[in-house]
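Examining the three-dimensional arrangement
Here are the chains, one letter per residue:
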Amino acid sequence: QVQLVESGGGLVQPGGSLRLSCAASGFTFSLYAMSWYRQAPGKERELVASITRGGDDIIYADFVKGRFIISRDNAKNTVYLQMNSLNSEDTAKYSCKAHQTFRPTYWGQGTQVTVSS
């Protein structure tokens, strides 16, 4: 059974940091690129960051460049999102996605991040 389980969300003050994790099981994690997306209330889901299978190629949305860092540990079947300098506009539900050409795509249920004083 394929599972992507996000954790690490919560309430944080502006300027604070959080580290999200996405633990994968039920498929060969190292064969998939991984991405983090987010969706705020009333807004469309948007890509935050992506990392290739080996971690050698990474892309970030412009709105997180210099603040967020995506990484992965293929030995632990986990992808991370280190989020720094958070502001209220980062409030959203963050979800991870496993994707690779010619393979099924998988989504996690998401973890809520709320930035508020």
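Being a predicted model, the structure only gives us computed values, none of them experimental.

Considering the sheet that holds strand 7 (residues 68–73)
Read across the open sheet, the four strands follow the order 1-3-8-7; overall the sheet is antiparallel. If you trace the sheet from one side to the other, it starts and ends with strand 1 (3–7) and strand 7, each paired once. The average undirected angle you get between the axes of adjacent strands in this sheet is 15°. Strand direction decides the pairing type here: strand 3 (residues 18–25) and strand 8 (residues 78–83), joined by six bridges, are antiparallel. Residue pairing across strands places Ala23 opposite Thr78, the latter belonging to strand 8.

Some words on the packing of aromatic side chains
Between two aromatic rings, the relevant description is the distance of the centres plus the angle of the planes. Overall, the coordinates contain four aromatic pairs when judged by the stated rule. Summarising the aromatic geometry, the rings of Phe27 and Tyr32 are spaced 5.0 Å apart at their centres and angled 75° between planes, so their arrangement reads as edge-to-face. An identical accessibility class is assigned to Phe27 and Tyr32; each is buried. What links up through ring pairs into an aromatic cluster is the set Phe27, Tyr32 and Tyr106. Directly above the ring of Tyr80 sits Arg19, whose terminal nitrogen or CZ lies 4.0 Å from the centroid. Directly above the aromatic system of Phe29 lies the positively charged group of Arg72, at a separation of 4.4 Å from the ring centroid.

Rules used in this analysis
Residues numbered from 1 in each chain as written. Predicted model: local features only at pLDDT ≥ 70, side-chain atom pairs only at ≥ 80, totals over all residues. Heavy atoms only, no water. Pairing = 2+ DSSP bridges. Helix = DSSP H or I, 4+ residues; strand = E, 2+ residues; numbered from the N terminus. Axes fitted to C-alpha atoms, helices over the stretch in contact; angles between N-to-C directions. Phe/Tyr/Trp six-rings, centres within 6.5 Å; stacked < 30°, edge-to-face > 60°. Buried < 20%, exposed > 50% of the residue type's maximum accessible area, 1.4 Å probe, protein only. Lys NZ or Arg CZ within 6 Å of the ring centre and 35° of its normal.

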